Amino acid sequence: MPKKSTKLLARRQFRKRDLLFVAALFGLIGAVAIISSFAAMQTTVEAETLTYSKATTAAGQNGGRAAALYWSTTGTGKVQLPTKTTSVTVYAKGDQCQGAPRMTVSIDGQEVTNQEVTSTSWKAYQIPLNVEAGSRSISVGFINDGGLTGSGTDNQGIQACDRNLYIDRLVFTGLDK
């Protein structure tokens, strides 16, 4: 008799353990579903694909190409935003010369930033947004070209230099749902 009840007890524990495992598995699946419903949706625009009146390309951040703005100019294009967008991150760097290059970003003709690009190596410049889903016009501008011409230094001991802006890409981020 004791052997029979021990086997029955072992089956009940096994069933209880299986039930706990299945419950934990469904809990994990539910947590992943909830977290992924709030995952960020990203749309990337490569800056060199925009239309500029004057620009060239240079080596980009990850081995690709970047827009090299050696003159004051603005690049324009379109982006299809699949969801409400909460930020745009512009990957940029600049050649500093008597100040930093100044970058502007506009969406549908509305300027969302006008800021200095103070980094001489690639840096993410994040700009908060509140833009609904849909097709949007975008523009990125370099508005303060400048420099000191000549070779060597001028009569005040200032080295010749050229202020330039390099833009690799724009990453628009919004909620997935």
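On a predicted model such as this, the values are computed, not experimentally measured, just so you know.

Participant: For this particular structure, what's the right way to read the nonpolar core?
Facilitator: Inside soluble globular proteins, nonpolar side chains tend to come together where they are buried. Judged by nonpolar contacts, the single largest core of 26 residues is most densely connected at V90, A92, M103, L165, I167, L170 and F172. Excluding residues that lie within four positions of it along the chain, M103 makes contacts with V90, A92, T113, N114, Q115, V117, Y125, V140, G141 and L165. Of all hydrophobic cores here, the second largest spans five residues; its members include A58, A66, A68 and W122.

Participant: I would appreciate a short explanation of unusual backbone geometry in the present structure.
Facilitator: Glycine aside, negative phi is the norm for most residues, and most peptide bonds take the trans geometry. Of note in this structure, Q98 is not a glycine but carries a positive phi near 50°. Relative to the elements of secondary structure, Q98 occurs in the loop between β6 (85-95) and β7 (102-107). Of note, D108 is a non-glycine position whose phi angle comes to about 50°, a positive value. Here D108 falls in the partly exposed class, since its relative accessible area comes to 41%.

Participant: Even after reading the chapter, I still don't get the environment of Q61, so can you show me in this structure?
Facilitator: Tracing the backbone shows Q61 in the loop between β3 (56-59) and β4 (65-69). Take Q61: its relative accessible area is 29%, and that puts it in the partly exposed class. Distance from Q61 to Y166, taken between C-alpha atoms, is 9.9 Å for residues 105 residues apart in sequence. Excluding residues within four positions of it along the chain, Q61 makes contact with Y91, W122, D168 and R169.

Participant: Is there a simple way to think about the sheet that holds β7 in this case?
Facilitator: The strands that make up a sheet pair up through hydrogen bonds in the backbone, lying either parallel or antiparallel. The strand order across the open sheet built from five strands is β2-β5-β10-β7-β8, with neighbouring strands paired in antiparallel fashion. The sheet is open, and its two borders are formed by β2 (51-52) and β8 (110-116), each paired with just one other strand.

Participant: Explanation requested: the confidence of the model for the protein in the structure shown.
Facilitator: Parts of the prediction with low pLDDT should not have their coordinates interpreted in detail. In the predicted model, the protein carries a mean pLDDT of 84, and 72% of its residues have values of at least 70. Across the protein, the element-wise mean pLDDT spans from 56 in helix α1 (residues 2-37) up to 98 in β7. For residues 31-37, every residue scores under 50 in pLDDT, and the model assigns this stretch three contacts once sequence neighbours within four places are set aside.

Participant: In this structure, what is going on with the packing of aromatic side chains? I would like to understand it.
Facilitator: The description of two aromatic rings rests on the distance between their centres and on the angle between their planes. Applying the stated criterion across every chain, the model contains two aromatic pairs. Arranged with centres 5.9 Å apart and planes meeting at 80°, the rings of Y70 and Y166 form a pair that is edge-to-face. With Y70 in the loop between β4 and β5 (73-81) and Y166 in strand β12 (residues 159-175), the pair connects residues that are 96 residues apart, well separated along the chain. Judged by its relative accessible area of 27%, Y70 falls in the partly exposed class. A network of ring pairs unites the aromatic residues Y70, W71 and Y166 as a single cluster. Here the basic side chain of K93 rests over the ring of Y166, its NZ or CZ set 5.6 Å away from the ring centre. Positioned above the aromatic ring of Y91, the side-chain terminus of R169 is 3.8 Å from the ring centre.

Participant: How should the environment of A47 be read in this particular structure?
Facilitator: Tracing the sequence through the fold places A47 in the loop between β1 (40-46) and β2. Residues A47 and G60, 13 residues apart in the sequence, show an inter-C-alpha distance of 9.7 Å. Apart from residues lying up to four places away in sequence, A47 is in contact with Y52, A67, I167, D168, R169 and L170.

Participant: Please clarify how the pairing of β4 should be interpreted in this entry.
Facilitator: Looking down a regular strand, the side chains alternate between one sheet face and the other. Extensive coverage of β4 is indicated by the burial of four of its five residues. In this structure, β3 lies alongside β4, joined through four bridges in antiparallel fashion. Its bridge partner lying in β4, A58 is registered against A66. What sits between the antiparallel neighbours β3 and β4 is a turn of five residues, in which G63 has the positive phi angle 90°. Direction of pairing for β4 relative to β12: antiparallel, over a ladder of three bridges. Paired with A68 across the bridge in β12 is Y166.

Reading the values: the criteria
- Residues numbered from 1 in each chain as written.
- Predicted model: local features only at pLDDT ≥ 70, side-chain atom pairs only at ≥ 80, totals over all residues.
- Heavy atoms only, no water.
- Core = buried A, V, L, I, M, F, W, Y, C linked by side-chain atoms within 4.5 Å.
- Buried < 20%, exposed > 50% of the residue type's maximum accessible area, 1.4 Å probe, protein only.
- Contact = heavy atoms within 4.5 Å.
- Helix = DSSP H or I, 4+ residues; strand = E, 2+ residues; numbered from the N terminus.
- Pairing = 2+ DSSP bridges.
- pLDDT = per-residue confidence, 0-100.
- Phe/Tyr/Trp six-rings, centres within 6.5 Å; stacked < 30°, edge-to-face > 60°.
- Lys NZ or Arg CZ within 6 Å of the ring centre and 35° of its normal.

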